[in-house]
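# Architecture at a glance
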Amino acid sequence: MIEWFKNLRIEWQIAIFGAAVTAALAVIGGIIKLIRKKKDPPTTQTKIRQKGPCNTAAVIEGDKNIVAGRNVKTGIDGDSALDTLVKVSKEAGQSENEIKHLQERNTELKETIRQLEEQLSQPQIIADTGRQQVPQPTQQAKDLAAQIEDDAGPYALALKAIAVGNTKQAGELLDKTQKLLDKVQEQKDRAQAKIYMARMQNTSYAGRPQDALQYCDKLTTLAGNDSLIMNKMAVVYYENAKYKEAEPLMRRALKIDEASLGKDHPKVAIHLNNLAALYQDTNR
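Here's a quick rundown of the structure. Only a predicted model underlies this, so the values are computations on that prediction, with no experimental measurement involved.

### Observations concerning the overall build of the chain
A tally of helices and strands in the chain yields 11 helices and 4 strands. Relative to its 284 residues, the chain shows a buried fraction of 29%. Sequence separation of 24 or more characterises 44% of the internal contacts of the chain that already satisfy a separation of 6 or more.

See the structure below:
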């Protein structure tokens, strides 16, 4: 092999030698990288990212990019969002001063909204060039509106739009705010229903069925199409011999679960059992 190499022309010897050296260096470099990769454990970087003046935070863990943040300026009440943001900020290593700044900004925004609400409720009458006098926001309202940034929540922006005379935009923003509020109210109603249910169960299991009746009245507007709530209310009425109130609830709960679960489901059997007991006690 060596003799073959010696017999080659000088330009071929240089070319072959250069290629061999390049290949060897590439192999050595690859081995070094592999060794370093094994020695150095993967690092997980956790940091906070804030986007603009709206104080939106996100936790970034390594290459996962896990976003866990809330906008403080949600509109009517930013306390819940602020609590989430503070938690995320602490987990991400934000300093106490930075977290305090978030809390102060939220307090400032709430106070600005409160003052703007007050000013908008006291319009000033300005003579129109036409036939009627049109109420207008005060100058103080306009000054306060200027302090609300464009990335604030829909309620705050709706007040700002009212103050600057953009009534169409204000209506759209209030519609958006109403949807958010309805969603919050729906969640609150579900939670309240669970509390009333637990109170009913507590009094019933304590042998005080009459005390449970008060919660039936409270649950009437919260039951919706929840067959579980209807069934519990029906049982409480049954325990108090209020059969006229119990029967329609039992029938409705039975119909709902038959439609959604099928006639052979154990929950349906419970409804049938309760309805049968009611028929027996009313001599039917």
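### Some remarks on the nonpolar core
Formed by 24 residues in total, the largest nonpolar core has its most connected members in Met200, Leu219, Ile229 and Met233. Broken down by secondary-structure element, the contributors of at least two residues to this core are helix 7 (167–205), helix 8 (209–219), helix 9 (227–239), helix 10 (243–261) and helix 11 (266–281). Formed by 15 residues, the second largest nonpolar core is a distinct cluster that contains Ala141, Ala156, Leu157 and Ala163.

### Quick look at the layout of surface pockets
Approximately 240 Å³ is the volume attributed to the second largest pocket. As for the second largest pocket, its lining consists of Glu186, Asp189, Arg190, Ala193, Lys194, Met197, Leu222, Ala223, Gly224, Asp226, Leu228 and Ile229. Put simply, the parts of the chain that give the lining of the second largest pocket at least two residues each are helix 7 and helix 9. Take the lining of the second largest pocket: its biggest share by element is 6 residues, from helix 7. Of the residues in the lining of the second largest pocket, the class split is 6 nonpolar, 1 polar and 5 charged.

### A word on unusual backbone geometry
Within the chain, alanine 241 stands out as a residue other than glycine whose phi angle is a positive 60°. The residue alanine 241 is located in the loop between helix 9 and helix 10 in this model. By relative accessible area, alanine 241 is classed as partly exposed at 47%. Backbone geometry at asparagine 283 places phi at a positive 60°, although glycine is not the residue there. Mapping asparagine 283 onto the fold places it in the segment after helix 11. Residue classification places asparagine 283 among the exposed residues on the basis of a relative accessible area of 76%.

### So, the pattern of salt bridges
For the coordinates displayed, the defined rule picks out 7 salt bridges. Each member of the salt-bridge network shares a partner with another, and the members are Glu111, Arg114 and Glu118.

### Digging into helix 9
Given a rise of 1.5 Å per residue, 13 residues ought to cover 18 Å, and the 18 Å separating the end C-alpha atoms of helix 9 matches this to within 8%. Those residues of helix 9 hidden inside the fold are in contact with helix 7, helix 8, helix 10 and helix 11. Capping the start of helix 9, aspartate 226 holds a side-chain oxygen 2.9 Å from the backbone nitrogen of leucine 228, two or three residues further along. A positive phi of about 60° marks alanine 241, the residue just after helix 9.

### Re the packing of aromatic side chains
What the rule picks out here adds up to 2 aromatic pairs. One residue, lysine 232, lies across the ring of tyrosine 205, its end atom 5.5 Å from the ring centre.

The rules behind each value
Per chain, residue numbering runs from 1 following the sequence as it is written. In keeping with the predicted nature of the model, local features appear solely for residues at pLDDT of at least 70, side-chain atom pairs appear and are counted solely at 80 or more, and the whole-chain, interface and lining totals rest on all residues. Each side-chain value is worked out from all heavy atoms of the structure, with water and hydrogens disregarded. The helix and strand labels rest on DSSP assignments: H or I over at least four residues marks a helix, E over at least two residues marks a strand, and numbering proceeds from the N terminus. When accessible area is computed with a 1.4 Å probe and restricted to protein chains, residues below 20% of their type maximum are described as buried, those above 50% as exposed, and intermediate ones as partly exposed. Contacts are residue-level and defined by heavy atoms, with any inter-residue pair within 4.5 Å sufficient. To qualify as a nonpolar core, a set must consist of buried Ala, Val, Leu, Ile, Met, Phe, Trp, Tyr and Cys residues joined through side-chain atoms within 4.5 Å. Using a grid of 1 Å spacing that covers the protein atoms alone, one calls a set of points a cavity when a 1.4 Å probe fits there but cannot get out, and a pocket when the set is open and has protein on both sides within 12 Å along at least five of seven lines; lining residues are those with an atom within 4 Å of a point. Grid points are joined across faces, edges and corners, and a volume is the space filled by probe spheres set on the points. Throughout this entry, Asp, Glu, Lys and Arg are counted as charged residues, while Ala, Val, Leu, Ile, Met, Phe, Trp, Tyr, Cys and Pro are counted as nonpolar. The remaining residues, Gly among them, count as polar. Note on definitions: salt bridges are taken to be side-chain nitrogens of Lys or Arg within 4 Å of carboxyl oxygens of Asp or Glu. Multiply 1.5 Å by the residue count of a helix minus one, and that product is the helix's expected span. Under the rule applied, a polar contact is a pair of N or O atoms within 3.5 Å (in protein, one hydrogen donor and one hydrogen acceptor; residues adjacent in sequence only if both atoms are side-chain atoms). The rule is short: rings of Phe, Tyr and Trp, with Trp giving its six-membered ring, pair when the centres are within 6.5 Å, and they are stacked under 30 degrees, edge-to-face over 60, tilted in between. Look at NZ for Lys and CZ for Arg. If either is within 6 Å of the ring centre and within 35 degrees of the ring normal, a charge sits over the ring.

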